[in-house]
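Summary of structural features
Here are the chains, one letter per residue:
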Amino acid sequence: MVPRGITIQELAPKFNRNSADLVRLLFDAGEMVTGTQSLADEMIELIAETLGGEVLLVEPGQEQELELQTLLGDEEEDEDEGLLVSRAPVVTVMGHVDHGKTTLLDRIREANVVAGEAGGITQHIGAYQAERNGKPITFIDTPGHEAFTAMRARGAQATDIAILVVAADDGMMPQTVEALNHARAADVPIIVAITKVDREDANTDRVRQQLVERELVPEAWGGDTMVLEVSAPEGRGIDELLEAILLVAEVEELATNPDAPARAFVLESKLDAGRGPVVTALVERGTLRVGESVVAGGGWGRVRALFNDRGESVKEAGPSTPVEVLGLDDVPLAGDELRVAPDDKVARTVAEARARRRRAANLSHPMSLAGGTRLEDIFAMVQRGEVATLNLVLKADVQGSLEAVTDALRKLDQEHEEVRLSFVHRAVGGITESDADLAAVANATIVGFNVRPDRKARERAHAEKVELRLYEVIYKVLEDVNSALLGMLQPEFEEVVTGDAEVREVFGVPRIGKVAGCLVLNGVITRGSKVRFLREGVVIWNGAITSLRRFKDDAREVQAGFECGIGLSDFQDLKPGDIIETYDLKEIPRT
């Protein structure tokens, strides 16, 4: 096995020869090469044929990757049964949007996730652990919106048991059927939880009948599907649901080797300010430890820190444990496998080879940047009988959102034959000045999902007349694009940024909490203004300014270039370097 582009010095030992022998051999064949020169495929094959050997040409790094796969082993069945220990079941909660999946998990975890979600919709995969009778259960909460099909599919791949949530007042919906198909494709046991049974219009018998039509016959009706009625607000049926999960897990006899080299499944990944790439992973096999060399997709590194689902720092994570991993040099794709490597050299080689292959794949499908148009102008072009091309620069807060928005927009592209969507650039992180430059060159529209532009990016976009659209809920993205395609863009409110202030210091004030000592960079900061709190261009909080001071005096407003103290409503996670952005809403009628 010989990697393409190998040098004479690297190839010679494989044939038990020195470099001079191979240089001489190629010279006799009419090829002038040096010992450090990369060889063409034909030269490698010529050397092998002349020396009576056989070679298998592979991509650079593929040899180490195969060695890595062999070293770690994929066949757990081959392991000594004496090394296997039981592990926690991994349960995926699936179902239609707004059918109560996250509320159900809230009741189980005694935490409120819904309040932190834009529009009350779960938009990222979350993994959490709960206990019942001293036995841990790992839950994966998957988004219910149809645009997150790919994320939900990945959740099904990593699961042992699927809980199909169906609301008693709504019954089976299209996304419920879709979730059911994912669970069946993953070949996992299915438990049905009928939620909202406390509603006046609840009809559980209708839901059971719909289940039967989908070949899920309840046990009470003579079938083998466990169907439980639950009410998260009342706490009804929660204990029975957990007991059912443990019962199914016991029948499945879930076990793995905790001492094997760790293998984990990337549920989510993002670029975090100050911490770098952050990976949410579910350990499938072995034990992941701080300090180990790991590779995930095109990224590699040493595990610098591990955090459990409660945000606590831990030294190791065993099978079925969800954990945040810090230390990689790049953001892997959700769905990638994270593996422990023997050392840094192997991890780096494998990751770099994967990154090269991904870049090559992208280059082999170049996108046309010619003829791009603004979102607002698309309908006019279509009316003139022209085929419009909408070039997009897409930025999102995490990898799963990026994929979901991309897939949803591509679906719109297929529905409208007269419009072509072309993604000039897609990436995780805040909108930067280089994004605005790229959009200007490509005549592209910048779409930001849960991210914001920094001041320079905003100024560059304005100067270059680049259309900039920012969203926090995915269906708003789809509504706007679809409305533009149909020529029905409605009057909207434009956000006018009134000021930027940078947090320089953080002070603790008795009975008030933390106050940000800031320098106003641009515009005017006014008390009571609407606020976005940005960290590395990513929106982490929305609210209002509750207090504004210059020295010890209250102030109504503070101009650019002056320092001030800012108190925010219900937000204490202040760090130096963060940006406080104030804005007003201005109605923009469309023609």
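Here, the structure is the one placed above.
Residues numbered from 1 in each chain as written. Predicted model: local features only at pLDDT ≥ 70, side-chain atom pairs only at ≥ 80, totals over all residues. Heavy atoms only, no water.

1. Quick word on the overall build of the protein
The line we're drawing: Secondary structure counts use DSSP, requiring at least four H or I residues in a row for a helix and at least two E residues in a row for a strand, with both numbered from the N terminus. Think of it in three bands: with a 1.4 Å probe and only protein chains considered, a residue is buried below 20% of the maximum accessible area for its type, exposed above 50%, and partly exposed in between. We call two residues in contact when some of their heavy atoms are within 4.5 Å. All accessible areas in this document rest on Shrake-Rupley with a 1.4 Å probe, and a residue is counted as covered only by the protein chains that are shown.
Scanning the protein from terminus to terminus reveals 15 helices and 31 strands. Burial statistics for the protein: of 591 residues in total, 50% are counted as buried. Contacts in the protein between residues at least 24 apart in sequence constitute 70% of all its contacts with a sequence separation of at least 6. Counting every atom, the protein has about 28100 Å² of accessible surface; 47% of that belongs to carbon and sulfur.

2. Remarks on the pairing of strand β18 (residues 322–328)
Threshold: Strands pair, by our definition, only if DSSP identifies at least two bridges between them.
The element β18 is extensively covered by neighbouring structure, given that six of its seven residues are classed as buried. Taken together, the five bridges between strand β12 (residues 276–285) and β18 define a ladder with antiparallel strand orientation. In the sheet register, Val279 faces β18, and the bridge partner there is Val325. Direction of pairing for strand β15 (residues 299–307) relative to β18: antiparallel, over a ladder of four bridges. For Ala305, the partnering residue across the bridge sits in β18 and is Leu326.

3. Quick notes on a nonpolar patch on the surface
Cut-off, in case you're wondering: Residues forming no salt bridge and having over 30% relative accessible area are the ones grouped into patches, like charges within 9 Å of each other and nonpolar side chains (Val, Leu, Ile, Met, Phe, Trp, Tyr) within 5 Å. The term salt bridge refers to a side-chain nitrogen of Lys or Arg lying within 4 Å of a carboxyl oxygen of Asp or Glu.
A grouping of Phe507, Val509 and Ile512 is seen on the molecular surface, where their side chains present a nonpolar patch of about 270 Å² in accessible area. Within the fold, Val509 resides in strand β24 (residues 492–509).

4. As for the packing of aromatic side chains
Here is the rule we go by: Aromatic rings from Phe, Tyr and Trp, taking only the six-membered ring of Trp, are treated as a pair when their centres fall within 6.5 Å; an angle between ring planes under 30 degrees marks them as stacked, one over 60 as edge-to-face, and anything in between as tilted.
Under the criterion given, the structure shown has two aromatic pairs. Relative to Phe571, the ring of Phe533 has its centre 4.7 Å away and its plane inclined at 55°; by these criteria the two rings are tilted. With Phe533 in strand β26 (residues 530–535) and Phe571 in the loop between β30 (563–568) and β31 (579–588), this residue pair connects regions lying 38 residues apart in the sequence. By the burial criterion, Phe533 is buried, and Phe571 matches it. Measuring from centroid to centroid gives 5.0 Å for Trp541 and Phe571, while their planes differ by 20°, and the two rings are stacked. With Trp541 in strand β27 (residues 538–550) and Phe571 in the loop between β30 and β31, this pair connects stretches of sequence that are 30 residues apart. Judged by its relative accessible area of 12%, Trp541 falls in the buried class. Note on Phe571: relative accessible area 9%, which makes it buried. Of the aromatic side chains, those joined through ring pairs into one cluster are Phe533, Trp541 and Phe571.

5. Brief notes about the nonpolar core
What counts, and what does not: Residues belong to one nonpolar core when they are buried, are Ala, Val, Leu, Ile, Met, Phe, Trp, Tyr or Cys, and are joined through side-chain atoms within 4.5 Å.
Core analysis: the largest hydrophobic core is formed by 26 residues, its most contacted members being Ile108, Phe139, Ile163, Ile191 and Ile245. At the level of secondary structure, the elements contributing two or more residues to this core comprise β4 (90–95), α5 (101–109), β5 (126–132), β6 (135–141), β7 (161–167), β8 (190–195), β9 (226–229) and α9 (238–252). Element by element, the count of residues in this core is highest for α9, at eight residues. When neighbours within four sequence positions are excluded, Ile245 is seen to be in contact with Pro89, Val91, Ile137, Phe139, Ile161, Ile163 and Ile191. Within the second largest apolar cluster, 20 residues are counted, among which are Leu402, Ala404, Val477 and Val481.

6. Overview of the sheet that holds β9
Our working rule: Note on geometry: axes are C-alpha line fits, over the in-contact stretch for helices, and angles between N-to-C directions span 0 to 180 degrees.
If you walk across this open sheet you meet the six strands as β5-β6-β4-β7-β8-β9, and the pairing is mixed. Two strands lie at the open edges of the sheet, namely β5 and β9, each paired on one side alone. Ignoring which end each strand starts from, the neighbouring axes of this sheet average 25° apart. In the sheet, β5 pairs with β6 via seven bridges, with the strands oriented antiparallel.

7. Focus on the pattern of salt bridges
Tallying each qualifying case throughout the model produces 30 salt bridges. A salt bridge links Glu337 to Arg263; the shortest N-O distance between them is 3.7 Å. Residue Glu337 is located in strand β19 (residues 337–340), and its partner Arg263 is located in strand β11 (residues 263–272); the two are separated by 74 residues in the primary sequence. In this structure Glu337 comes out as partly exposed when scored by relative accessible area, which is 32%. For Arg460, the salt bridge identified is with Glu433, shortest N-O distance 2.6 Å. Remark: Glu433 occurs in helix α13 (residues 433–442) and Arg460 occurs in helix α14 (residues 455–463); sequence separation between them is 27 residues.

8. Digging into unusual backbone geometry
For residues other than glycine, phi is negative in most cases, and the peptide bonds are mostly trans. Look at Lys465: it is not a glycine, yet its phi comes out positive at around 60°. You can see Lys465 is positioned in the loop between α14 and β23 (468–471). Look at Lys465 and you get exposed, because its relative accessible area is 67%. If you check the backbone angles, Phe551 has positive phi at about 60° while not being a glycine. Its location among the elements puts Phe551 in the loop between β27 and β28 (553–554).

9. Notes on α13
How we decide: The directions considered for the arc run from the helix axis to the C-beta atoms.
Among the residues of α13, those classed as buried are Asp435, Ala436, Ala439 and Ala442. Buried residues in α13, looked at end-on, bunch into an arc of 135°, giving them a common side. One or two residues past the end of α13 sits Asn443, with phi positive at roughly 55°.

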